[in-house]
Structures are given as C-alpha cells and as structure tokens.
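Topology and contacts: notes
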Amino acid sequence: MLSDPDRYDYFPLHDRPRITWPNDARLAFWVAPNIEFYELHPPLGPGRVPWPRPFPDVLGYSYRDYGNRVGVWRMIDVMARNGVRGSVSLNVALCDHFPDIIKACNELGWEFFSHGVYNTRYLYGMSEAQQIRIIRDSIDTIRDKAGQEMSGWLSPALTNTDETIDLLAEAGIQYTLDLMHDDQPTPLRVRSGRLISVPYSLEINDVPLLTMRNASPERYAEICKAQFDQLYAEGADNGMVMCMPLHPFLVGQPHRIRALDEILRYVTSHDGVWLATAREIAAWYYQHHYDTVAAALAARRRAA
Amino acid sequence: MPLPESYFDYPYRGERLDHERYRHQTLFTRRPVQWPDGARVALWITVHLEFFPLDMANLPFRVLGGMERGYPDYWNYTLRDYGNRVGVWRVMRLLDRYGLRATAAFNSDVAQRYPELVRAVTDRRWEVMASGVNMAKLHVGGLPVEAERALVTESLSTLRRISGAAVRGWHSPAHSESDNTLDLVAAEGVTYVADWINDDMPYPLNTKSGTIHAMPLTHEWSDRMLLWQYHQSSAEFTSQVVEAFRVLYDEAGRHGGRILSIALHPWIIGQPHRIKALDAALSQITGYAGVWNATGAEILDAWRQQAAP
C-alpha cells in the first residue's frame, strides 16, 4: 500500500498558469447524473459489502430502483427545461436493462461515461487483466448500445486499486473523476499515455449531502449556490470547474426536485458560465492547457 | 489473487430486472388513473404503531428506533412507549379535527398489549394494516421459512381476531423482507404490501399465490427519516411534506391521479413540540380542492378498477 496516491504533484492554487474556457467563461459547469443499477443479490467480493442488510435488502434496492422508474424522468425534465446537459455516470449494464433511459439521454445530447458495470460490482481485489475487462466492457457497451465513444471514468461505487489509473490511460480514456483534490483539471502521472483528472464532487454530491449530512432541500440549494458563487468569483482570475453530481433516486423525489430546478436556474442566470459536458472540458483542457500546465509542473520539479 | 470468474457473470443482464417480483415500468408512460370525484391526489395517511421490546437484540441489523444503550434501556424503551400511550391519541385528535381517516399499521404486539388502541382505530373506520409482530422480529434473508410463516400467521391472526377487520395490507417492520415474505403474506390473504419504496403509484407484484400489489408508502418524507434519522426541524418536515404534495398535485394535472403518502410514527410526531408540524402540513394540503382522503385498501381498489393489468 502507498502513503500517497502518487498521481499528481503539489501545485498550490495561487501559483498556476491561468486556465481559460471558451468565450472567456469564468467557470465550466457540468452536471453528473449517476444513473445506476444496484443488484438485489450481488456476488460478494473483498473490501466492501454491497448492502447494509442481509440480502435481499429490499429497502436499499427499491430506494435505488425509484431512480430508474420515477426520479430520472423528473430530473431529465428539469435539466432539459434549464438547457443543462448531463454527463452520465453510467453503470453500463443499464444500457441492457433500461434502453429507454439511454435513448432519452441521447436525444438530449448527453454524454455517457463509465461508472463500472453494476454499482454492486467493485474493483477491489481485481487483477489488472480483470480491471481491463471492465474497462473494455464499458467502452464496448457505450459504443454498441449508446452510440458514443467513451471518454471518461468514475470507478463503480468509487472503488479503486493502485493500478486503475494506469489502466485507464492505457485504454485511451481521456479523464478520470476519482480524485477530489482540486477545482481545476490536473495532469496525472501514469505508466504510459496520458490522463487528466476532471473535478467531480463529494462535497455538493447529493448522496453525502442529503443522506449523511442530513441537508433539507432548502439547505441543499443554498450549499450548491454558495459553491457556485465562490468558484464563479475566483474564475475571474483563473478558470474553475464546478461539478454537480446527482442521483435520480434522491433529487428526483417530489419533495426535492424543485431544489434542483432552483439551483440550475440560478447558475444559468449568470453570464460567463460554460455549460459543458465532462468530455468537452477534458477536450478543451488537452487542446489549450495540458502542455502548459505539464511544463509548469516539470519546472517546479526541476526547481525542487 | 484475482477475483473468481463468477464475479464477472451477469445472469440478468438484458432488458429486464434482476428478479421476478415485478417488471420495470416508467411512471410517466402509464395509463392515467382518475380518483373518485375527479380528485387529483389521494391522501393516504399511515400511523405506525410499534412495539420495541426492552430486550431486543438489534440483530441482524439495528432498526431505527431500536434500543441503543445498556440493558435495561429505559431511555429508549419508554420514549417509544410514549407513542402508544400519549402520542397516538394526540395524532388521532388532530386527524379527527380535519375529518381525516388513516391506515393504522400495527405490530400485532401493540394490539395484543393495548386493545383500546385497536378499538379507537376501528371506531374511526380507519383501516387496520398488519406490520409484523414487533420491531425485534424482523423478516430478513436467512430466516427459516417456517419461522417466518409463524410470524406472518401470528401477526395477521392476532390483528384479525382483535379488530374483527379483514386486514388486507402488510408492512414489514423496518421495510425489511426476506425472499419469502411476499409469498407468505399473499398466502394468508394479504392483497397489498408497502415495503418497496420504488414508486409513487401502486404496481403489481408476483407471488406464489398470484398477483398482489405494492402500495407507495413514503420512506423519504416520513417523520422517521426527516425528524429522526436526518435530525431536521419541524418546519423542515412540514415544508417537505407539502412540497411533495404540490409536485404530485401538479403532475396529476398531466399524468392522472397521484398518491401522497404521509407516514407517521406517534413516538416521533406525537411529541408536544412536533405535533404542530403535522397540523401545519394538513392545514395546507386540505386547503386544496381535489384531495381525496382514503385508506390504503380504498385507494388500491380505485386504482385496480382502472389501471391496465
């Protein structure tokens, strides 16, 4: 085991090249709906027990199932009305189970990236070859069933191994979302090829905020707006990224959906916000900033 | 050592769910239903009457409201008992004032211990629903089927004997089921179950004794989740219940009748400092035209007369 992920250098916020976004936007804003399939009787592996209760965990399973029967449609409706596209964190087996959801997202021009095959199958304990199998399955399924070339990755249930990031780079993946260390993209150290981290969030992610920090819908909206206000202000000097991860089984509930609408109306009422997908953010960064930042990091290393 | 090959088997990966209990169905493409008198929202209030034994083991998992301290945990035992002695009467008085009927979900031990409570429920023409035996006797995976059948029989026969009611509805303690629960309750004449929290409307469930139905009992905006689990304020409880109502009421104008479930645990909502939160929610909700208050069985019957099989 390592004492540090050993994937990126220390790079203090105040001393970086300026990041710019299209049309001189201050902030790249993106929304990551996690559209997930949890299994009722998943196989057991090391590192994480899929459900807190003995199987079948009817409460936990049906809570998530609400997202796919009900919540996802309310969430799609609110996002579409606000002109905000999603970059879907997808358990790729969902393409097989619920093609109607995939079709609806595709029709709105949303991106799909992999969140593993099922949210009850983890990377813990997998060999490199087994992880490559999951990555290939994701790329193939998103190409064949959703008609997109997959660009990004968020490990299923945020389970990682020390090697996962190398394997993503070697498979030609453009970005990973597993690291929460920054509000800007970061070039990562990989065995071969290249990979960046795009900012995701566990701070304004609805799961921890609503179910672990016990936020009411009003408080949730207040926190997301505060996050936006600060990053938007800082973005005047150096372009920032704000990601809002969503879970339809939570925000798609009738007592919460208006909070999402309120946040998106607030964000979209500002000028200088780039409403992007994660793929677009990564592509722009590679094209305009990767080399500059990589050179700055190399210079810091030499100086050290 | 890598994971076994079986970890990469996906036996249900296809256009289906990973079990046979119900089929996947999107809420917004279903045939709209109409409630009596053109109502938009059916108001289904459930009052959960629970017995938490002082010597409960909290196994195989700790239920919300279970004992938390060393034996004898008077602190928690008596706080739960408060609900059946005091809180529930406060809730009843409030619902009476609004002329609202509810479904009372009884642990059968509550009926056995406090038969006055059953009479108060039947006198009000509330529905009696079965909710297992008590909060320590969980329906869980690993429970032998004969042991679980005994729990189902004890719960239903006790409640039917004491109340004289048919008892068609079932809610497992703590929303917990084994793989056998639905078959066992259906075999004993239960026609609807409110454990699965995946829908806002009823839907058919397959059992060995034929089709029964799932009813949408809220978990998310119950007093148990908002006030106890999430430690939110009374005002936050009121605003979320009313907001759920408003969204469903609005949807009903486009998608047909909806159901608002209000799930109440008298040991929580029946406290003096919280009861007004329920009063405030009911005052706002009953101020709308087109709200049909009914029991679970009545709502399901109206739904079944119209919904596609």
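Before any of the text, the structure's been laid out above.
The following paragraphs examine the structure supplied in this document. (Residues numbered from 1 in each chain as written. Chains lettered and ligands numbered in written order. Predicted model: local features only at pLDDT ≥ 70, side-chain atom pairs only at ≥ 80, totals over all residues. Heavy atoms only, no water.)

Take the overall build of chain B next. A count of helices and strands for chain B gives 10 helices and 9 strands. Summarising its shape, the C-alpha atoms of chain B cover approximately 60 × 55 × 45 Å along the three principal directions. When each of the 309 residues of chain B is scored for burial, the buried share is 61%. Expressed as a percentage of contacts within chain B between residues at least 6 apart in sequence, the contacts between residues at least 24 apart total 72%. Of the roughly 12,200 Å² of accessible surface on chain B, a fraction of 51% belongs to carbon and sulfur atoms. (Helix = DSSP H or I, 4+ residues; strand = E, 2+ residues; numbered from the N terminus. Buried < 20%, exposed > 50% of the residue type's maximum accessible area, 1.4 Å probe, protein only. Contact = heavy atoms within 4.5 Å. Areas by Shrake-Rupley, 256 points an atom, 1.4 Å probe, with all protein chains shown as cover.)

To continue, consider the overall build of chain A. What chain A contains, in helices and strands, is 11 helices and 9 strands. Taking 304 residues into account, the globule formula puts the C-alpha radius of gyration at 19 Å, and chain A, at 19 Å, falls close to it. Seen through its principal axes, chain A has C-alpha atoms that stretch 55 × 45 × 35 Å. In chain A, which comprises 304 residues, the proportion classed as buried is 62%. Considering only contacts in chain A between residues 6 or more positions apart, those separated by 24 or more positions represent 74%. Counting only carbon and sulfur atoms, one obtains 49% of the accessible surface of chain A, whose full area is about 11,300 Å². The centroid of the 30 positive side-chain charges in chain A is displaced by 2 Å from the centroid of its 38 negative side-chain charges. (Rg over C-alpha atoms; globule rule 2.2 N^0.38 Å. Lys, Arg positive; Asp, Glu negative; His and termini not counted. Charge placed at Lys NZ, Arg CZ, Asp CG, Glu CD.)

Turning our attention to the interface of chain A and chain B. With 60 residues of chain A at the interface, the matching set in chain B holds 58 residues. When chain A packs against chain B, the two sides together hide about 4,900 Å² of surface, and 54% of this comes from carbon and sulfur. Inspection of the chain A/chain B interface yields 33 residue pairs in polar contact (both at pLDDT 80 or more). Breaking the side of chain A that touches chain B down by element, the ones donating at least two residues are α1 (58–81), α2 (94–97), α3 (99–107), α4 (128–146), α6 (206–212), α7 (217–234) and α9 (257–268) of chain A. Element by element, the count of residues in the side of chain A that touches chain B is highest for α1 of chain A, at 12 residues. Tallied by class, residues from the side of chain A that touches chain B come to 32 nonpolar, 15 polar and 13 charged. (Buried area = accessible area lost by both parts, 1.4 Å probe. Polar contact = N/O pair within 3.5 Å; in protein donor to acceptor, adjacent residues only side chain to side chain. Nonpolar A, V, L, I, M, F, W, Y, C, P; charged D, E, K, R; others polar.)

So, about the pattern of salt bridges. Note that side chains of opposite charge can pair when their charged atoms are close. The tally for this structure, following the rule as stated, stands at 39 salt bridges over all chains. In this structure, Asp182 of chain A and Arg16 of chain A form a salt bridge, with 2.8 Å as the shortest nitrogen-oxygen distance. Placement of the pair is Asp182 of chain A in the loop between β5 (175–176) and β6 (186–187) and Arg16 of chain A in the segment before β1 (27–35), with a sequence separation of 166 residues. Given the relative accessible area of 17%, Asp182 of chain A is considered buried. With a shortest N-O distance of 2.8 Å, Arg101 of chain B and Glu298 of chain B are connected by a salt bridge. (Salt bridge = Lys/Arg side-chain N within 4 Å of Asp/Glu carboxyl O.)

As a further point, take the packing of helix α1 (residues 74–98) of chain B against helix α9 (residues 275–285) of chain B. When two helices pack together, you describe them by how their axes are tilted relative to each other and by the distance separating the axes. Residues and elements named next belong to chain B. Following both chains from N to C, one finds α1 and α9 inclined at 20°, their axes separated by 11 Å at the closest point. When the axis of α1 is compared with that of α9, the two are roughly parallel. Between α1 and α9 lies a crossing whose hand is right-handed. Only Ile275, Leu278, Asp279, Leu282 and Ser283 of α9 make contact with α1, whose side of the interface consists of Arg90, Val91, Leu94, Leu95, Arg97 and Tyr98. (Axes fitted to C-alpha atoms, helices over the stretch in contact; angles between N-to-C directions. Parallel < 35°, antiparallel > 145°, perpendicular 65-115°, else oblique. Left-handed = near helix turned anticlockwise from the far one by under 90°.)

Right, let's talk about α1 of chain B for a bit. Residues and elements named next belong to chain B. Between its first and last C-alpha atoms α1 spans 35 Å; for 25 residues at 1.5 Å apiece the expected length is 36 Å, and the two agree. The largest bend along α1 reaches roughly 45° and is located at Gly87. Regarding α1, the residues found buried are Asn76, Tyr77, Arg80, Asp81, Gly83, Asn84, Gly87, Val88, Val91, Met92, Leu94 and Leu95. Gly99, located one to two residues past α1, shows a positive phi value of around 65°. (Expected span 1.5 Å × (residues − 1). Bend = angle between axes of the 7 residues up to and from the residue.)

Moving on, we come to the packing of aromatic side chains. Two numbers describe a pair of aromatic rings. These are the distance of the centres and the angle of the planes. Residues and elements named next belong to chain B. Counting across every chain of the model gives 24 aromatic pairs over all chains. Taken together, a centroid distance of 6.1 Å and an interplanar angle of 90° make the contact between Phe51 and Tyr77 edge-to-face. Within this pair, whereas Phe51 is found in the loop between β1 (41–49) and α1, its partner Tyr77 is found in helix α1, the two being separated by 26 residues in sequence. Taken individually, Phe51 and Tyr77 each receive the classification buried, so the pair is uniform in this respect. Judged by centre distance (5.4 Å) and plane angle (40°), the ring pair of Phe245 and Tyr249 falls under tilted. Taken together, the positions of Phe245 and Tyr249, both in helix α7 (residues 234–255) and 4 residues apart, correspond to about one turn of that helix. Exposure remark for Tyr249: the relative accessible area of 15% places this residue in the buried category. (Phe/Tyr/Trp six-rings, centres within 6.5 Å; stacked < 30°, edge-to-face > 60°.)

This next bit is on α9 of chain B. Among all positions in α9 of chain B, only Ile275, Ala277, Leu278, Asp279, Ala281, Leu282 and Ile285 of chain B are buried. Residues of α9 of chain B that are buried in the fold lie against β1, α1, α7, β8 (258–264), α8 (266–269) and β9 (291–293) of chain B.

Now for the pairing of β1 of chain A. Residues and elements named next belong to chain A. For β1, the tally of buried residues reaches 9 of 9 residues, placing the bulk of the element in the interior. Residues Leu27, Phe29, Val31, Pro33 and Ile35 point to one face of β1 and Ala28, Trp30, Ala32 and Asn34 to the other, with burial holding for every one of them. Note that β1 and strand β9 (residues 273–275) share 3 bridges and pair parallel. In the strand pairing of β9, Phe29 is matched with Leu275. Considered for its hand, the β-α-β crossover made up of β1, α1 and strand β2 (residues 87–90) is right-handed. (Pairing = 2+ DSSP bridges. Right-handed = clockwise from strand over helix to strand, strands pointing away.)

Formed by 188 residues in total, the largest nonpolar core has its most connected members in Met244 of chain A together with Trp35 and Phe106 of chain B. The contacts of Trp35 of chain B, once residues within four sequence positions are left out, are Arg40, Val41, Ala42, Met201, Gly257, Arg258, Ile259, Trp292, Ile299, Ala302 and Trp303 of chain B. In terms of nonpolar packing, the next biggest core, distinct from the first, is built from 26 residues, Tyr200, Val241, Cys243 and Ile281 of chain A among them. (Core = buried A, V, L, I, M, F, W, Y, C linked by side-chain atoms within 4.5 Å.)

All right, on to the state of the cysteines then. All names here are of chain A. With the rule as written, the count across this model stands at 0 disulfides over all chains. For Cys95, which is in no disulfide, the shortest distance to another cysteine sulfur is to Cys105 and amounts to 9.8 Å. The structure places no disulfide on Cys243, whose sulfur is separated from the nearest cysteine sulfur, that of Cys224, by 10 Å. (Disulfide = S-S within 2.5 Å.)

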